[in-house]
Amino acid sequence: MAILEVKDITKQFGGLTANKDITMDVEEGKITAVIGPNGAGKTTFFNMITGVYQPTSGEIKLDGKSLIGLRPDEVAKKGISRTFQNIRLFGEMSVIENVLVGMHTHLKTNLLGIFLNLPFTKREEANAEKEAYRLLEYFDLHHLLNEKANNLSYGAQRKLEIARALATKPKLILLDEPAAGMNPKETKELTDIIKTMGQQFNVTVLLIEHDMKLVMEISEHIVVLDHGEKIAEGNPEQIRTNPKVIEAYLGSAAVH
Ligand SMILES: Nc1ncnc2c1ncn2[C@@H]1O[C@H](COP(=O)(O)OP(=O)(O)OP(=O)(O)O)[C@@H](O)[C@H]1O
């Protein structure tokens, strides 16, 4: 079943068409990747799904309900969470605080409850901390929980961003180049995390990534954009051997 349905979306910035009539489905529980050369329109595509930009035309549905016209915070409430190409953590806050901030978007507690120190509030906070710890354990960041986010290695910051995005309990998580800037060891670790996190956290993964080894290893479905248009989609084998994709993006050397 498709959790996300995108139909004929187009985005124009003045005279430039960044996305043109893109149609695709993201199947629930499957890892889907969007690939393509720089400037192909991948981030614009994510920005439309998350309400940062409104499409010039077309339809986007989550669980059969339209997301058109919703602001980013409203899209987030519907169950879509994301990470960014450039890391956006609260650098002065600790690792666990970064995750707790993510969780607070769906806790029932309000500020009054915190000031009055109500039992319900305390219980909810304690549960949130436990859950945050469990998340950090999964990302192997639990030993760093009191460290300032700014002090983490680059790879650890990238993982923390994903952990924070998961803390909002999304149905669908969008990862924008999660492996960018990572060394091979970090990329390998991240590959394993992304591969298993769907089942672990009951979330569907849609990612943009340039690291083809990662993409080919974890994706069940791949969509290829070039100059704002979808030029191919299919499973890794179909994409790897598609002449159009090789010409536009992969190059003959990258096929093996
Ligand atoms: N806000 C904007 N205003 C004008 N043009 C934009 C805007 N955002 C993106 N573009 C243009 O749209 C095109 C697609 O950009 P986009 O960032 O979506 O590509 P991309 O595939 O994500 O590239 P990369 O892999 O380099 O991140 C580019 O030509 C870009 O300059």
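The shown structure was predicted, so the numbers you read here are calculated from the model rather than taken from an experiment. (Residues numbered from 1 in each chain as written. Predicted model: local features only at pLDDT ≥ 70, side-chain atom pairs only at ≥ 80, totals over all residues. Heavy atoms only, no water.)

Q: Quick rundown of the packing of aromatic side chains? Include the residues and the values.
A: For the structure shown, the criterion picks out 3 aromatic pairs. Seen in terms of ring centroids, Y138 and F139 are 5.6 Å apart; in terms of plane orientation they differ by 75°. Their pairing is edge-to-face. A relative accessible area of 22% means that Y138 is categorised as partly exposed. Judged by centre distance (4.9 Å) and plane angle (90°), the ring pair of Y138 and F201 falls under edge-to-face. Pair noted here: Y138 is in helix α5 (residues 119-138) and F201 is in helix α7 (residues 184-201), with a separation of 63 residues, a long-range link. Among the residues examined, F201 registers a relative accessible area of 18% and is labelled buried. Three or more aromatic residues joined by ring pairs make a cluster, and in this case those are Y138, F139 and F201. Over the aromatic face of F84 sits the side chain of R88, whose NZ or CZ is 3.8 Å from the ring centroid. (Phe/Tyr/Trp six-rings, centres within 6.5 Å; stacked < 30°, edge-to-face > 60°. Buried < 20%, exposed > 50% of the residue type's maximum accessible area, 1.4 Å probe, protein only. Helix = DSSP H or I, 4+ residues; strand = E, 2+ residues; numbered from the N terminus. Lys NZ or Arg CZ within 6 Å of the ring centre and 35° of its normal.)

Q: An account of the packing of helix α3 (residues 95-104) against helix α6 (residues 154-167) is requested, with residue identities and associated values reported.
A: At their nearest, the axes of α3 and α6 sit 7 Å apart, and the two run at 30° to each other. Classed by the angle they form, the pair α3 and α6 counts as roughly parallel. At the point where α3 passes α6, the crossing takes the right-handed sense. Together, V95, N98, V99, G102 and M103 of α3 and L160, A163, R164 and A167 of α6 make up the contact between the two elements. Residues of the contact of α3 with α6, tallied by class, amount to 6 nonpolar, 2 polar and 1 charged. (Axes fitted to C-alpha atoms, helices over the stretch in contact; angles between N-to-C directions. Parallel < 35°, antiparallel > 145°, perpendicular 65-115°, else oblique. Left-handed = near helix turned anticlockwise from the far one by under 90°. Contact = heavy atoms within 4.5 Å. Nonpolar A, V, L, I, M, F, W, Y, C, P; charged D, E, K, R; others polar.)

Q: Break down the sheet that holds strand β4 (residues 57-62) for me, with residues and values.
A: In spatial order, the strands read β2-β1-β4-β5; together these 4 strands make up an open sheet with antiparallel pairing. At either end of the open sheet lies a strand with only one pairing partner, and these are β2 (16-27) and β5 (65-66). Here β4 pairs with β5 via 2 bridges, running antiparallel. Across the sheet, the residue bridging to K61 is S66, located in β5. Taken strand by strand, helix α1 (residues 42-49) contacts β1 (2-13), β2 and β4, and its axis lies near 115° from that of β1. (Pairing = 2+ DSSP bridges.)

Q: Give a description of the pairing of strand β7 (residues 172-176) that names residues and reports values.
A: Buried residues dominate β7, accounting for 5 of its 5 residues. Relative to β7, strand β6 (residues 80-82) is paired through 3 bridges, and the arrangement is parallel. Bridging across to β7, I80 finds its partner in L172. Here β7 pairs with strand β8 (residues 204-208) via 5 bridges, running parallel. Bridge pairing in β8 places D176 opposite I208. This β-α-β element, β7 to α7 to β8, shows right-handed connectivity. (Right-handed = clockwise from strand over helix to strand, strands pointing away.)

Q: Could you give me a rundown of the site of the ligand, with the residues and numbers involved?
A: For the ligand, the set of nearby residues contains 15 residues, the closest of which are G39, G41, K42, T43 and T44. Within the backbone of G41, a nitrogen or oxygen atom sits 2.9 Å from an oxygen atom of the ligand. A distance of 2.6 Å is found between an oxygen atom of the ligand and a side-chain nitrogen or oxygen belonging to T44. Protein chains bury 64% of the 630 Å² of accessible surface belonging to the ligand in isolation. Elements represented by at least two residues in the shell around the ligand include exactly β2 and α1. Ranked by the residues each element gives to the shell around the ligand, the list is headed by α1, at 3 residues. (Near = heavy atom within 4 Å. Polar contact = N/O pair within 3.5 Å; in protein donor to acceptor, adjacent residues only side chain to side chain. Areas by Shrake-Rupley, 256 points an atom, 1.4 Å probe, with all protein chains shown as cover.)

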